[in-house]
Amino acid sequence: MNRAITNLRESLNERTCVKVIAGIDNFDAEKVRKVVIAAERGGANAVDIAASVELIEMVKEITTLPVFVSSICPEELAMAVNAGADALEVGNYDALYKNGERVTAAQVLEITRKTRELVGNDVFLSVTVPGHISVEEQIVLAQSLEEMKIDLIQTEGAATVDAKSAGARGLLETAQVSIANTIELVRNVEVPVMTASGIGVTTAPMALAAGASAVGIGSSVNKLNSQIEMIASVMSIVEAVRESRNVKSKELV
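Predicted model only: the values in this text are computed from it and were never measured.

K.L.:
Sorry, what's going on with helix 3 (residues 53-62) here?
P.N.:
Turn by turn, an α-helix covers 3.6 residues, leaving residues three or four places apart pointing in a common direction. Among the residues of helix 3, those classed as buried are Leu55, Ile56, Met58 and Val59. Of the surrounding secondary structure, the elements contacted by the buried residues of helix 3 are helix 2 (29-42), strand 2 (46-50), strand 3 (67-71) and helix 4 (74-83).

See the structure below:
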C-alpha cells in the first residue's frame, strides 16, 4: 500500500489527523506551494488541492504528505489519480456556493458512484456530505456512502452560517453547524469523519470532542499572507489536536 496512505490511516485511527486545504478553486501555483509547505513544516497529515495536473506534479515534488485532490467532476478525479494523487475528495463545494448553487444528496451519490467506476476501489476516497441539506438527508447519504465502502466522510457547514460576532464567539458561530453535523454522522456510521469548514485552533478540539477522527483546515491557513504565519497556524492547530487527544487519553486511564 502507498506509504503516505498508510500513515494517513494511522492518524485517522489515532484521531489526530489534520488535513490542510488549499482550496478547490485555488489554481495559483505559488499560493498552493505556500500552503503545502506550511502543512509539511507545521506537522499536518495531509494536503488537499484543486484538480490540476500541474499542481499535482508540483506538490508531489515538495511534500511527502498524502495529496488529496478535490473536485465534483469524476473525470477530473480520474485524471488526478493518473497524475499521481494519493487520495480523492468528492466535495469542497465552496466554489459552487459562491455562485449561489447547491449540490443535492442524489448528485453526490452519482458523482461518487461514477468516480469509483473510473478509478476503482483501491484509491482512497473521501466524500463531503453537504452541510445545507437536512440532518436526516445527511445521515441517509452518509450511510449510503458507507455501503459504497468510502474511506472517509467530511462534514461542512460554514457556508450556511452568517456569523455576526467578533472574536471567539464568531469562530464558534462559524464552526457550529459543521461540528453539529459531525455529531449526527458519527452516531450513525462507522466510517471515520473529518470535520471541516470554519475549523481553526479554537474549534478543532471541539470537533474531536464531537467524535471526529480528523479536522480539515482551509481559510485559517490559506487566507494568510506570509509563509511564517501559515506555518504557525498549522502548528498551533496540530498542537491543539494532539493536546486534545492527550487529555482524552489521560481521562481514560
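K.L.:
Can you help me understand the nonpolar core in this one?
P.N.:
Nonpolar side chains in soluble globular proteins tend to be buried together. Val18, Val20, Val32, Ile49, Val59, Leu88 and Ile153 are the most contacted members of the largest nonpolar core, which has 66 residues in total. If one sorts the elements of this core by residue count, helix 11 (residues 227-252) sits on top with six residues. Those residues within four positions of Val20 in sequence are excluded, and the remaining contacts are Val35, Ala39, Ala44, Ala46, Val47, Asp48, Ile217, Val221 and Val234. In terms of nonpolar packing, the next biggest core, distinct from the first, is built from 11 residues, Cys17, Ala46, Phe68 and Ala87 among them.

K.L.:
Could you clarify how one ought to interpret the pattern of salt bridges in this entry?
P.N.:
Oppositely charged side chains are able to pair whenever their charged atoms sit close together. Applying the stated criterion to the full structure yields nine salt bridges. Glu89 is the partner of Lys19 in a salt bridge, and the nearest nitrogen-oxygen pair spans 3.6 Å. Of this pair, Lys19 sits in strand 1 (residues 17-21) while Glu89 sits in strand 4 (residues 87-90), and the two are 70 residues apart along the sequence. A salt bridge links Lys60 to Asp86; the nearest nitrogen and oxygen atoms lie 2.9 Å apart. Taken together, the residues Lys60 in helix 3 and Asp86 in the loop between helix 4 and strand 4 connect sequence positions 26 residues apart. Of the residues examined, Lys60 reaches a relative accessible area of 34% and is grouped as partly exposed. Asp86 sits in the buried class, given a relative accessible area of 9%. Residues participating in the shared-partner salt-bridge network are Arg9, Arg116 and Asp151.

K.L.:
Explanation requested: the sheet that holds strand 7 (residues 193-196) in the structure shown.
P.N.:
By definition, the strands of a sheet pair up through backbone hydrogen bonds, in either a parallel or an antiparallel sense. Strands sit in the order 1-2-3-4-5-6-7-8 around a closed barrel of eight strands; the barrel is parallel. In this sheet, adjacent strand axes meet at a mean angle of 25° when their direction is disregarded. In this sheet, strand 6 (residues 152-155) lies alongside strand 5 (residues 124-128) in parallel orientation, the contact comprising three bridges. Following the sheet pairing, Ser126 is matched in strand 6 by Leu152. The sheet contacts of helix 2 involve strand 1 and strand 2, and relative to strand 2 the element is tilted by about 170°. Its contacts with the sheet put helix 3 on strand 2 and strand 3, and the angle it makes with strand 2 is roughly 155°.

K.L.:
Explain the side chain of Thr115 here, please?
P.N.:
You can see Thr115 is positioned in helix 6 (residues 105-119). When neighbours within four sequence positions are excluded, Thr115 is seen to be in contact with Pro74, Leu77, Leu88, Val90, Gly120 and Leu125.

K.L.:
Explain the environment of Val108 here, please?
P.N.:
The residue Val108 is located in helix 6 in this model. Spatially, the C-alpha atoms of Val108 and Asp151 are 15 Å apart, while their sequence positions differ by 43 residues. With near-sequence residues (within four places) excluded, Val108 lies in contact with Tyr93, Val103, Val127, Thr128, Pro130 and Leu141.

K.L.:
Sorry, what's going on with the pairing of strand 8 (residues 214-217) here?
P.N.:
Sheet faces and side chains relate simply in a regular strand, where the side chains alternate between the two faces. With burial as the criterion, each face of strand 8 is covered, one bearing Ala214 and Gly216 and the other bearing Val215 and Ile217. Looking at chain direction, strand 1 and strand 8 are connected through four bridges and run parallel. Paired with Val20 across the strands is Ile217, a residue of strand 8. Here strand 7 runs beside strand 8; their pairing, made up of three bridges, is parallel. Along strand 8, the bridge assignment pairs Thr195 with Val215. Assessed by its sense of winding, the connection that carries the chain from strand 7 through helix 9 (residues 204-209) to strand 8 is right-handed.

K.L.:
Explain the packing of aromatic side chains here, please?
P.N.:
The geometry of an aromatic ring pair is captured by two quantities: the separation of the ring centres and the angle between the planes. Applying the stated criterion across every chain, the model contains one aromatic pair. Taken together, a centroid distance of 5.8 Å and an interplanar angle of 85° make the contact between Phe68 and Phe124 edge-to-face. Separated by 56 residues along the polypeptide, Phe68 in strand 3 and Phe124 in strand 5 bring together distant segments of the chain. When sorted by exposure, Phe68 lands in the same class as Phe124, which is buried. Over the aromatic face of Phe68 sits the side chain of Lys19, whose NZ or CZ is 4.6 Å from the ring centroid.

Reading the values: the criteria
Residues numbered from 1 in each chain as written. Predicted model: local features only at pLDDT ≥ 70, side-chain atom pairs only at ≥ 80, totals over all residues. Heavy atoms only, no water. Buried < 20%, exposed > 50% of the residue type's maximum accessible area, 1.4 Å probe, protein only. Helix = DSSP H or I, 4+ residues; strand = E, 2+ residues; numbered from the N terminus. Contact = heavy atoms within 4.5 Å. Core = buried A, V, L, I, M, F, W, Y, C linked by side-chain atoms within 4.5 Å. Salt bridge = Lys/Arg side-chain N within 4 Å of Asp/Glu carboxyl O. Pairing = 2+ DSSP bridges. Axes fitted to C-alpha atoms, helices over the stretch in contact; angles between N-to-C directions. Right-handed = clockwise from strand over helix to strand, strands pointing away. Phe/Tyr/Trp six-rings, centres within 6.5 Å; stacked < 30°, edge-to-face > 60°. Lys NZ or Arg CZ within 6 Å of the ring centre and 35° of its normal.

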